[in-house]
Amino acid sequence: MSRPAPAARKRTRKDTAGRPRRARRTEARNARAAAAFVLPFLALFGLCFLAPLGYALYQSLQKTERTGPLGLGREHEAFAGFAHYAQALSDDRFLTGFGRVLLFGAVQIPLMIVLATALALLLESASARGIAFFRTAFFLPYGVPGVIASILWGFLYVPGISPLVKIAESVGWHVDFLSRGTVLWSLANIVTWQFTGYNMLVLIAQLKAVPGELYEAARIDGANAWQVARHVKLPLIRPALVLTGVFSIIGTLQLFAEPMVLRPLASSIDSGFTPNLHAYSEAFVGNNPHVAAAEAVLLALVACVLSFGFLRLAGGRAGGRG
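Residues numbered from 1 in each chain as written. Predicted model: local features only at pLDDT ≥ 70, side-chain atom pairs only at ≥ 80, totals over all residues. Heavy atoms only, no water.

From N to C terminus, the chain includes 13 helices and two strands. Of all 322 residues assigned to the chain, the portion counted as buried reaches 33%. A sequence separation of at least 24 residues applies to 67% of the contacts in the chain between residues at least 6 apart. When the accessible surface of the chain is totalled, it reaches about 19,900 Å², and 67% of it is carbon and sulfur. (Helix = DSSP H or I, 4+ residues; strand = E, 2+ residues; numbered from the N terminus. Buried < 20%, exposed > 50% of the residue type's maximum accessible area, 1.4 Å probe, protein only. Contact = heavy atoms within 4.5 Å. Areas by Shrake-Rupley, 256 points an atom, 1.4 Å probe, with all protein chains shown as cover.)

Listed below in structure tokens is the structure:
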């Protein structure tokens, strides 16, 4: 066998040495392109999430001190430590509001997720008719702002002008939707009416990603519509169910617009009805922005704990089934 000429051997060594350099340049170019796509998101994430959270944390650790006789002099900020957190955790109304939204979520979230799942499965069934119309109709309440939805339902709850109350009284059922014992579930009705369609669309999007061959295989094996929904569709939309559950947990803890709008109509809704409403009252009514910041940080911490706890629980169940 003849050996390659010296010039050919030299070109081969140059090509071999050049390939790693070209690969490194390509990798560097790809990394710069990826950074260019990620940096706008990181900037907005830092500006809209991390910066407000950091500022709230800073404010919660500060206090306002006044100098001069009778405290009428100049104001300055001083370090307060965890005093505002202790004050928030010792406030019975704030803790009662937490318990109230947890009870609200324990009832409202499962009800809304079950209803959204049922609507998604019905609209995606093979025998469904008028899918586009009903999908739009169910999603339409989500397009109504929370304040407007609360005003609309407020008129439906107020005795004397509410057709719902008149219908109930015509059949001998006397009901007060805004009483102390029922106002929480009246709020749950507003939230369910508004967000069920949104969750339904999330689940429908997941259903559309399921290959149709799986349904055909299940039907060939003799599965009926209920068995296909239970053993094929529901397990495959589990990620979407977990996602809607996390969103619902966070939204429940942030409950604010609905009780704020109904508050003038219902004496049972006070300034501490929900944690968000209590923090708002501390900041803009009681002029205690540092305490309100501490309550906001506590609310964010509870939302993180519950959300990650739910994700861990859902992931553990999925792993156990697998």
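Now that the structure has been shown, the text picks up again.
Take the pattern of salt bridges next. This structure, assessed with the given rule, holds three salt bridges. Residues E124 and R135 are paired through a salt bridge, measuring 3.2 Å at the closest nitrogen-oxygen approach. One end of the pair, E124, is in the loop between α3 (92-123) and α4 (131-139); the other, R135, is in helix α4, with eleven residues separating them in the sequence. Across the salt bridge formed by K208 and E124, the nearest N and O atoms sit 3.6 Å from each other. Of this pair, K208 sits in helix α7 (residues 183-208) while E124 sits in the loop between α3 and α4; the two residues are 84 residues apart in sequence, bridging distant segments of the chain. By relative accessible area, E124 is classed as partly exposed at 21%. Counted as one network, the salt bridges with shared partners bring together E124, R135 and K208. (Salt bridge = Lys/Arg side-chain N within 4 Å of Asp/Glu carboxyl O.)

We now examine the environment of K63. Looking at where K63 falls in the secondary structure, it is placed in strand β1 (residues 62-66). Under the relative-accessibility criterion, K63 is labelled partly exposed at 32%. In this structure the C-alpha to C-alpha distance between K63 and P289, which are 226 residues apart in sequence, comes to 9.2 Å. Not counting residues up to four positions away in its chain, the partners in contact with K63 are H76, E77, A78, F79, A80, H84 and H290.

Residues F37, V38, L39, F41, L42, F45, F49, L50 and L53 make up a contiguous nonpolar surface patch of about 920 Å² in total accessible area. A relative accessible area of 40% means that V38 is categorised as partly exposed. (Patch = residues over 30% accessible without salt bridge, like charges linked within 9 Å, V, L, I, M, F, W, Y side chains within 5 Å.)

Among the nonpolar cores identified, the biggest contains 22 residues, and F104, Y157, I269 and F273 are the most heavily contacted of them. The leading source of residues in this core is α7, at six residues. One finds A120, L121, Y215 and A229 within the second-largest nonpolar core, a separate group that totals 18 residues. (Core = buried A, V, L, I, M, F, W, Y, C linked by side-chain atoms within 4.5 Å.)

Think of two packed helices as two axes; the pair is described by the angle between the axes and how far apart they sit. Where α3 meets helix α10 (residues 238-253), the closest approach of the two axes is 9 Å, and the angle between their N-to-C directions is 150 degrees. Considering only the axes of α3 and α10, their crossing is right-handed. From α3, F98, V101, L102, F104, G105, Q108, I109, M112, I113 and T117 reach across to α10, where they touch L241, T244, G245, S248, I249, T252 and L253. (Axes fitted to C-alpha atoms, helices over the stretch in contact; angles between N-to-C directions. Left-handed = near helix turned anticlockwise from the far one by under 90°.)

On to the packing of α4 against α7, then. As a packed pair, α4 and α7 sit with axes 8 Å apart at the nearest point and diverge in direction by 140 degrees. Comparing their axes, α7 and α4 come out oblique. Judged by residue contacts, R135, F138 and F139 of α4 engage G197, Y198, M200, L201, I204 and K208 from α7. Of the residues in the contact of α4 with α7, the class split is six nonpolar, one polar and two charged. (Parallel < 35°, antiparallel > 145°, perpendicular 65-115°, else oblique. Nonpolar A, V, L, I, M, F, W, Y, C, P; charged D, E, K, R; others polar.)

Attention now moves to α7. An α-helical segment advances 3.6 residues per turn. Residues three or four places apart therefore align on the same side. Taking 1.5 Å of rise per residue, the 26 residues of α7 would be expected to cover 38 Å, and the 38 Å separating its terminal C-alpha atoms lies within 8% of that figure. Of all the bends in α7, the largest measures some 35 degrees and sits at F195. (Expected span 1.5 Å × (residues − 1). Bend = angle between axes of the 7 residues up to and from the residue.)

A few words on the packing of aromatic side chains. Within this structure, the stated rule accounts for 14 aromatic pairs. Relative to Y85, the ring of F82 has its centre 5.9 Å away and its plane inclined at 55 degrees; by these criteria the two rings are tilted. F82 sits in the exposed class, given a relative accessible area of 64%. Cluster of aromatic residues (ring-pair linked, three or more members): F139, Y142, F195 and Y198. The cationic tip of R100 hangs over the ring face of F273; the distance from NZ or CZ to the ring centre is 4.5 Å. For K233, the ring lying beneath its charged end belongs to Y215, and the centroid distance is 5.2 Å. (Phe/Tyr/Trp six-rings, centres within 6.5 Å; stacked < 30°, edge-to-face > 60°. Lys NZ or Arg CZ within 6 Å of the ring centre and 35° of its normal.)

Counting through the fold element by element, H278 comes out in helix α12 (residues 275-284). A polar side-chain atom of H278 sits 3.0 Å from a polar atom in the side chain of E295. Sequence-distant contacts of H278, defined by excluding residues within four places in its chain, comprise D91, R93, F94, S271, G272 and E295. (Polar contact = N/O pair within 3.5 Å; in protein donor to acceptor, adjacent residues only side chain to side chain.)

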